[in-house]
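# Structural characterization, general
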Amino acid sequence: MAQEIERKFLLSGDDWREHADTGQRMRQGYLVGAQRASIRVRVAGEQAWLNIKSATLGVERREYEYPIPLRDAEEMLAELCERPQIEKVRYEVPWAGHTWEVDVFEGDNAGLVVAEIELGDADEDFECPPWVGEEVSDDPRYYNVCLIHNPYSQWAAR
């Protein structure tokens with residue numbers, strides 16, 4: 001059984017960019033975003049995946065991910081997925097023995113930037129970089145599946 005343990009944070013500055021890779025543009029859409037699970041199609045560069053994730057709140061969720069042909073993914077995004085879709089650039093940022101993923105959202109979610117860290121255990125110790133701010137792991141507004149129906153541009157403080 002696949003288990004994802006991930007914590008999500010807002011950022012307190014742009015200093016992360018000094019340590020980041022060049023980034024990977026991603027586009028993802030949801031085939032289903034139901035009470036129990038979401039089913040997502042993601043394209044990053046020339047690779048594509050089908051992802052099934054439990055709809056539980058918190059840092060621990062079940063997650064299953066399968067590579068799929070790029071052509072199939074592009075067709076699903078074009079014809080089957082809900083709108084708007086998630087557009088973002090993901091940067092990997094190494095810090096103190098972990099790799100942080102920083103997502104810079106575009107489109108209807110422009111202005112939103114979050115950092116995620118995947119852990120091996122919910123109680124695992126890790127060092128927060130100085131550019132990491134408030135934790136939002138338990139706030140569903142920041143879940144990608146929720147950003148489709150309630151984009152950041154509609155609720156962000158102006």
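You'll find the structure just up there.
What this report covers is the structure whose coordinates are included nearby. Because the structure is predicted, anything quoted here is derived from the model rather than measured. (Residues numbered from 1 in each chain as written. Predicted model: local features only at pLDDT ≥ 70, side-chain atom pairs only at ≥ 80, totals over all residues. Heavy atoms only, no water.)

## Section: the layout of surface pockets
Volume-wise, the largest pocket comes out at about 570 Å³. Considering the residues around the largest pocket, the lining is formed by 36 residues, among which Tyr30, Arg40, Arg42, Lys53 and Glu63 are closest to the centre. Contributing elements (two or more residues each) for the lining of the largest pocket: strand S1 (3-11), strand S2 (24-33), strand S3 (37-44), strand S4 (47-54), strand S5 (60-67), strand S6 (86-95), strand S8 (113-118) and helix H2 (144-149). Classifying every residue of the lining of the largest pocket by side-chain character gives 12 nonpolar, 10 polar and 14 charged. (1 Å grid on protein atoms, 1.4 Å probe; cavity = no way out; pocket = protein on both sides within 12 Å on 5 of 7 lines; lining within 4 Å. Points joined across faces, edges and corners; volume = space filled by probe spheres on them. Helix = DSSP H or I, 4+ residues; strand = E, 2+ residues; numbered from the N terminus. Nonpolar A, V, L, I, M, F, W, Y, C, P; charged D, E, K, R; others polar.)

## Side note on helix H1 (residues 70-79)
Since there are 3.6 residues in each turn of an α-helix, residues three or four apart along the chain are aligned in direction. Restricting attention to buried positions, one finds in H1 the residues Leu70, Ala73, Met76 and Leu77. Each buried residue of H1 sits inside an arc of 125° when the element is viewed along its axis, so together they form one side. Of the exposed residues in H1, the ones pointing more than 90 degrees away from its buried face are Arg71 and Glu79. (Buried < 20%, exposed > 50% of the residue type's maximum accessible area, 1.4 Å probe, protein only. Arc of directions from axis to C-beta.)

## Re the side chain of Glu101
Examined against the element boundaries, Glu101 turns out to sit in strand S7 (residues 98-105). The buried category is assigned to Glu101, whose relative accessible area is 17%. There is a polar contact of 3.5 Å between the side chain of Glu101 and the side chain of Arg90. Contact partners of Glu101, with chain neighbours within four places excluded, come to Arg90, Tyr91, Val114, Ala115 and Glu116. (Polar contact = N/O pair within 3.5 Å; in protein donor to acceptor, adjacent residues only side chain to side chain. Contact = heavy atoms within 4.5 Å.)

## Here we look at unusual backbone geometry
Cis peptide bonds are those with omega within 30 degrees of zero, and the linkage from Arg83 to Pro84 qualifies with -10°. Counting through the fold element by element, Pro84 comes out in the loop between H1 and S6. The phi dihedral of Ala96 falls on the positive side, at around 50°, and the residue is not glycine. Examined against the element boundaries, Ala96 turns out to sit in the loop between S6 and S7. The exposure class assigned to Ala96 is partly exposed, which follows from its relative accessible area of 46%.

## Some points on a negative patch on the surface
A contiguous patch of negative charge on the surface is contributed by Glu60, Asp121, Asp123 and Asp125. Looking at where Asp123 falls in the secondary structure, it is placed in the loop between S8 and strand S9 (132-135). (Patch = residues over 30% accessible without salt bridge, like charges linked within 9 Å, V, L, I, M, F, W, Y side chains within 5 Å. Areas by Shrake-Rupley, 256 points an atom, 1.4 Å probe, with all protein chains shown as cover. Salt bridge = Lys/Arg side-chain N within 4 Å of Asp/Glu carboxyl O. Lys, Arg positive; Asp, Glu negative; His and termini not counted. Charge placed at Lys NZ, Arg CZ, Asp CG, Glu CD.)

## Side note on the packing of aromatic side chains
This model, assessed by the stated rule, comprises eight aromatic pairs. An angle of 80° between the planes, with centres 6.2 Å apart, marks the rings of Trp95 and Trp131 as edge-to-face. Of the two residues, Trp95 sits in strand S6 while Trp131 sits in the loop between S8 and S9, which places them 36 residues apart along the sequence. Residue Trp95 shares its accessibility class with Trp131, and that shared class is buried. Ring geometry for Trp100 versus Trp131: centroids 6.0 Å apart, planes at 75°, classification edge-to-face. Here Trp100, found in strand S7, pairs with Trp131, found in the loop between S8 and S9; they are 31 residues apart in sequence, far enough to count as distant. Here Trp100 and Trp131 have matching classes, each one buried. Among the aromatic residues, those joined into a cluster by ring pairs are Phe9, Trp95, Trp100, Phe126 and Trp131. Seen from the ring of Tyr91, Arg17 lies directly overhead, with NZ or CZ sitting 5.8 Å from the centre. Residue placement shows Arg61 over the ring face of Tyr143; its charged tip is 4.5 Å from the ring centre. (Phe/Tyr/Trp six-rings, centres within 6.5 Å; stacked < 30°, edge-to-face > 60°. Lys NZ or Arg CZ within 6 Å of the ring centre and 35° of its normal.)

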